[in-house]
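Coordinate analysis (summary)
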There are 2 protein chains.
Amino acid sequence: MTAETGERRRDAERTRTELLDVATEEFAERGYSGARVDEIAARTRTTKRMIYYYFGGKEQLYLGVLERAYAEIRAAERTADVDHLDPVAAVRRLAEVTFDHHEAHPAFIKLVGVENAQQAKHMNHVARLVDLNSSAVDLLAGVLARGVGDGLFRDDVDALDVHMMISSFCFFRVANRHTWGALFDRDLLDPARREHYRTMLGDLITGYLRK
Amino acid sequence: MTAETGERRRDAERTRTELLDVATEEFAERGYSGARVDEIAARTRTTKRMIYYYFGGKEQLYLGVLERAYAEIRAAERTADVDHLDPVAAVRRLAEVTFDHHEAHPAFIKLVGVENAQQAKHMNHVARLVDLNSSAVDLLAGVLARGVGDGLFRDDVDALDVHMMISSFCFFRVANRHTWGALFDRDLLDPARREHYRTMLGDLITGYLRK
DNA sequence: TAACTAACGTACCAGTTCGTACATTAGAAA
DNA sequence: TTTCTAATGTACGAACTGGTACGTTAGTTA
């Protein structure tokens, strides 16, 4: 209701957002139990009290972080426009969107890791998330159907499986960057190798689909 | 030096091993900061005091867990015998060994996740690990060279990259089981789908390599 | 301008958690 | 049997950490 002056001393929305921003970093970086409520508060311009005022507690704050992170991705994934591309190029494009997205949101990737570490028990409490991710798969399913219809793709593939192949590659590259670097002395996120991996992913997926 | 009677009330080696066993589970399940020293001790037949007696502290115990976990894998990876197979079958076999291994060692996968969550900072302190994993890649490199020599494989591929493709798929399936299940209602480790995924991985990799 | 409420800050508590001081015992060695 | 030490157990403390009671202030509304 109030105008965005940018100079107000009291701004509920801004306080909430700032809390979520910092909490996202903290939870992604240190995990759920590793993150400290005091530390999160200290890195904002407000106090710990506000976490309890706006969210109720550490767990609800984490839930808020998770929900917002997935919501942002939903928006990003809608941007892929592949209807005008031939099936092979379209699959490649979809893979690249996922590739770019993973690279651009390391904090999100880490949150996924954190969630899996705790058997996704928090995610189950955010019912809204379930129908959220299906749109990406639906898009892919459409492209695959076109490819099969054109006789370009093998006809025994499941869209969710293909989505999994794409996700694995993109996820691994970001999530396991550090152990990979330590074990093989290769930085998977080295900008110099970015195009190489992006192309590789496209080759990998289209190579699998092709008849 | 002393014989393994199995009934001794005091057995340094057994106490140490038991501590490592339980700690592996705890660290894998709850992460480094989530794991509780008291809880680890309680789940053994000894006391917390022994953690400090044998390892020095929580961090060194974690280091011990990490080192042993990787050492076990080294042994497992040596078992692949692919010299008598043609290059295509050999690549498929190597991928399957990795596939099986990931599935059989979820705790190890989780530890890798835990390590990445903390920028692999502990792993760097275990210098012994670095040269450890290279054997798997060397094996793969040999097979790839054979395939290129036979004119079966494209000649612009790097063994470490192929190892990464294989690892991503296998890792993702185990590591992201829970979020995937929550979001898409599909259990990636469902035994009924196991062969399907195992074959899929082989198709994926050989499809990419084929000229 | 007085009253009212949403937004915010301070100080503190209670439970937890890593770590340690100190006492004790099993079994080997003399 | 006595001595000695590696191995083990008990009890406790200091720091940390999530959460809360209570007081204060900005800005709105009558």
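Cut-offs applied
- For every chain, the first residue of the written sequence is number 1, and numbering continues from 1 along that sequence.
- Chains carry letters from A onward and ligands carry numbers from 1 onward, assigned in written order.
- Since the coordinates come from a predicted model, pLDDT governs what is reported: local features require at least 70, and pairs of side-chain atoms require 80 or more to be given and counted, while whole-chain, interface and lining totals use all residues.
- Heavy atoms from the whole structure form the basis of all side-chain values; hydrogens and water molecules are not counted.
- Two residues form a contact once any of their heavy atoms are found within 4.5 Å.
- We define buried area as the total accessible area lost by two parts upon association, computed with a 1.4 Å probe and summed across both.
- The salt bridge definition used is simple: a Lys or Arg side-chain nitrogen within 4 Å of an Asp or Glu carboxyl oxygen.
- What qualifies as a polar contact is a pair of N or O atoms within 3.5 Å, subject to a donor-acceptor requirement within protein and to the restriction that residues adjacent in sequence count only when both atoms come from side chains.
- Labels follow the DSSP assignment, with helices taken as runs of H or I lasting at least four residues and strands as runs of E lasting at least two, numbered in each case from the N terminus.
- Orientation is described by axes fitted as lines to C-alpha atoms, over the contacting stretch for helices, and by angles from 0 to 180 degrees between their N-to-C directions.
- Oblique is the label for every angle not falling under 35 degrees (roughly parallel), over 145 degrees (roughly antiparallel), or within 65 to 115 degrees (roughly perpendicular).
- By definition, any crossing whose near helix is turned counterclockwise from its far helix by less than a right angle is left-handed, and any crossing with a clockwise turn is right-handed.
- A helix is expected to reach a length of 1.5 Å times the quantity of its residues less one.
- Burial classes: relative accessible area under 20% of the type maximum marks a residue as buried, over 50% as exposed, and values in between as partly exposed (1.4 Å probe, protein chains only).

As for the interface of chain A and chain B
The interface of chain A with chain B comprises 48 residues on the first partner and 48 residues on the second. Together chain A and chain B conceal approximately 4400 Å² of surface at their shared face, both sides included; 67% is due to carbon and sulfur atoms. Between the two partners, chain A and chain B, sit 6 salt bridges. Among the ionic pairs, R186 of chain A bridges to D161 of chain B, the shortest N-O distance being 3.1 Å. Between chain A and chain B we count 16 residue pairs in polar contact (both at pLDDT 80 or more) in total. When contributions to the side of chain A that touches chain B are tallied by element, the ones reaching two or more residues are helix 1 (12-34), helix 6 (106-117), helix 7 (134-149), helix 8 (159-175), helix 9 (177-184) and helix 10 (191-209) of chain A. Per element, the largest residue contribution to the side of chain A that touches chain B is 11 residues, and it comes from helix 8 of chain A.

Digging into the packing of helix 8 of chain A against helix 10 of chain A
Residue and element names in this part refer to chain A. Taken N-terminus to C-terminus, the directions of helix 8 and helix 10 make an angle of 160°; their axes are 11 Å apart at the nearest point. On the basis of their axis angle, the class for helix 8 and helix 10 is roughly antiparallel. Note that helix 8 runs across helix 10; the crossing there is right-handed. Contacts between helix 8 and helix 10 involve V162, M165, I166, F169, C170 and R173 from the former and R194, Y197, M200, L201, L204, I205, Y208 and L209 from the latter.

What about helix 5 (residues 87-104) of chain B?
Each α-helix turn comprises 3.6 residues. Residues three or four places apart therefore point the same way. Spanning 18 residues, helix 5 of chain B covers 26 Å between terminal C-alpha atoms, matching the ideal 26 Å at 1.5 Å per step. Among all positions of helix 5 of chain B, only P87, V88, A90, V91, L94, A95, E96, T98, F99, H101 and H102 of chain B are buried.

A closer look at unusual backbone geometry
Within the chain, A120 of chain A stands out as a residue other than glycine whose phi angle is a positive 55°. Structurally, A120 of chain A can be placed in the loop between helix 6 and helix 7.

Some remarks on the pattern of salt bridges
When charged atoms on two side chains of opposite charge get close, those side chains can pair. If you walk through the whole model with that rule in mind, you get 38 salt bridges over all chains. A salt bridge links E195 of chain A to R198 of chain A; the shortest N-O distance between them is 3.7 Å. Placement of both E195 of chain A and R198 of chain A in helix 10 is noted, with a separation of 3 residues, approximately one turn of the helix. Its salt-bridge partner being R154 of chain B, residue D203 of chain A comes within 3.5 Å of it at the nearest N-O pair. Of the two residues, D203 of chain A sits in helix 10 while R154 of chain B sits in the loop between helix 7 (134-149) and helix 8 (159-175), which places them in two different chains.

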